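Residues per chain are reported as follows:
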Amino acid sequence: MSEIKSVIAKNISALRVYNNMTQLELAEKLHYSDKAVSKWERGESIPDISALISISELFSVSLDDLVKSEDILKPYEKVPEKKHNLKAVKLIVDVFIWTVALFMFVLTVIINGGHIKFSWLYFVYALPIDLIVSVVLNSIWFNKRTNYYFVSGLIWSVLLAVFATFYYFKSNIKTMLLIFLLGIAGQVIIILWSFIRPKKKK
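Here is a short report on the structure shown in this document.

Rules used in this analysis
Here, residues in each chain are numbered from 1, in the same order as that chain's written sequence. Thresholds applied to this predicted model are a pLDDT of at least 70 for local features of residues and 80 or more for the giving and counting of side-chain atom pairs; totals over whole chains, interfaces and linings are not thresholded and use all residues. With hydrogens and water stripped out, all remaining heavy atoms of the structure feed into the side-chain values. A run of DSSP states H or I qualifies as a helix once it reaches four residues; a run of E qualifies as a strand once it reaches two. Both are numbered from the N-terminal end. By definition in these notes, contact holds between two residues if any of their heavy atoms fall within 4.5 Å. Residue burial considers only the protein chains on display, and all accessible areas are found by Shrake-Rupley using a 1.4 Å probe. Only protein chains enter the calculation, and the probe is 1.4 Å; a residue is then buried if its accessible area is under 20% of its type maximum, exposed if over 50%, and partly exposed in between. Picture the helix axis, draw a direction to every C-beta atom, and the arc is the one those directions span. Think of each axis as a best-fit line through the C-alpha atoms, taken over the contacting stretch in the case of a helix, with angles from 0 to 180 degrees between the N-to-C directions. Here roughly perpendicular refers to angles of 65 to 115 degrees, roughly parallel to angles under 35, roughly antiparallel to angles over 145, and oblique to all remaining angles. Crossings are assigned a handedness: left-handed for a near helix turned anticlockwise from the far helix by less than a right angle, right-handed for a clockwise turn. Gly falls in the polar group here, along with every residue not listed as nonpolar (Ala, Val, Leu, Ile, Met, Phe, Trp, Tyr, Cys, Pro) or charged (Asp, Glu, Lys, Arg). By definition here, a salt bridge exists when the distance from a side-chain nitrogen of Lys or Arg to a carboxyl oxygen of Asp or Glu is within 4 Å. We call two N or O atoms a polar contact when they sit within 3.5 Å, provided that within protein one can donate a hydrogen and the other can accept it, with sequence-adjacent residues counted only if both atoms are side-chain atoms. Working definition: rings of Phe, Tyr and Trp (its six-membered ring) pair if their centres are within 6.5 Å, and the pair is stacked with planes under 30 degrees apart, edge-to-face with planes over 60 apart, and tilted otherwise.

Tallying secondary structure elements over the protein chain gives 10 helices and 0 strands in all. Going residue by residue from the N terminus, the α and β elements of the protein chain occur as α-α-α-α-α-α-α-α-α-α. Counting contacts in the protein chain only where the partners sit at least 6 residues apart, residues at least 24 apart contribute 60% of the total. For the protein chain, the exposed surface amounts to about 13000 Å²; the carbon and sulfur share of it is 69%.

All buried positions along helix 4 (residues 49-58) are accounted for by A51, L52, I55 and S56. Across the axial projection of helix 4, the buried residues extend over an arc of 135°, all falling on one side. Of the exposed residues in helix 4, those oriented more than 90 degrees away from the buried face are I49 and E57. S60, located one to two residues past helix 4, shows a positive phi value of around 55°.

Turning our eyes to something else, we now look at the packing of helix 2 (residues 23-30) against helix 4. Relative orientation of the contacting elements helix 2 and helix 4 amounts to 110°, with a least axis distance of 10 Å. Between helix 2 and helix 4, the interaxial angle falls into the category roughly perpendicular. Our pair here, helix 2 against helix 4, has a crossing hand that is right-handed. Residues L26, K29 and L30 of helix 2 form the contact with helix 4, whose participating residues are S54, I55 and L58. Broken down by class, the residue content of the contact of helix 2 with helix 4 amounts to 4 nonpolar, 1 polar and 1 charged.

This part is about the pattern of salt bridges. What the rule picks out here adds up to 3 salt bridges. Between R42 and E44 there is a salt bridge; the shortest N-O distance is 2.8 Å. Exposure remark for E44: the relative accessible area of 46% places this residue in the partly exposed category.

Relative to the elements of secondary structure, N19 occurs in the loop between helix 1 (2-18) and helix 2. Owing to a relative accessible area of 12%, N19 belongs among the buried residues under this scheme. One polar contact links the side chain of N19 to the main-chain carbonyl oxygen of L15, over a distance of 2.7 Å.

Under the definition given, this model contains 7 aromatic pairs. Here F105 and F123 contribute two aromatic rings whose centre-to-centre distance is 5.3 Å and whose plane-to-plane angle is 50°, an arrangement assigned as tilted. Pair noted here: F105 is in helix 6 (residues 82-111) and F123 is in helix 7 (residues 121-141), with a separation of 18 residues, a long-range link. Residue class for F123 comes out partly exposed when judged on its relative accessible area of 27%. Geometrically, the ring pair formed by F163 and F180 is tilted, given 5.5 Å between the ring centres and 55° between the ring planes. Highlighted residues: F163 in helix 8 (residues 147-168) and F180 in helix 10 (residues 180-194), separated in sequence by 17 residues. Accessibility assignment for this pair places F163 and F180 in one class, buried.

This is the structure:
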């Protein structure tokens, strides 16, 4: 029994460290306390079967490997650059969005005979689009906790885009500044949302 505890403890620790996660981050993903994770990694206790299944799914290893394997990181050898590749894909998407905005800017300026006019708005609109993509990709591939920052940026960028559009059409600027009150309200909601945590198991 002590040997199984030792193997499981070593494997959980190795997988967590390899994936650049703290004990607290792993605990939050599994809906357990960080103290429970700490006990697992020290071999003082063994996760229940539901926790073991969650760990195996989270790190894409088999349950059998998790409780028996001497080389738990072997499945990762096939894709050692997985996270690096995902970040590269995210960067390519970002560059593509801003390249499209630049293309539309240049094209519009050429069509308008060199006059910029409203062409600069393409860059203003590109920002919320980029942030929407960031929220989606971050939810799928990366740490969902950082979505708070992306959503905050998205709210303010959308309000900025609305303000910039009305500014171009010479609307009442002082009145339009009031729309940023919506941003303050949205920011308060996001801050309160960040305090919500799933119930942790001991």
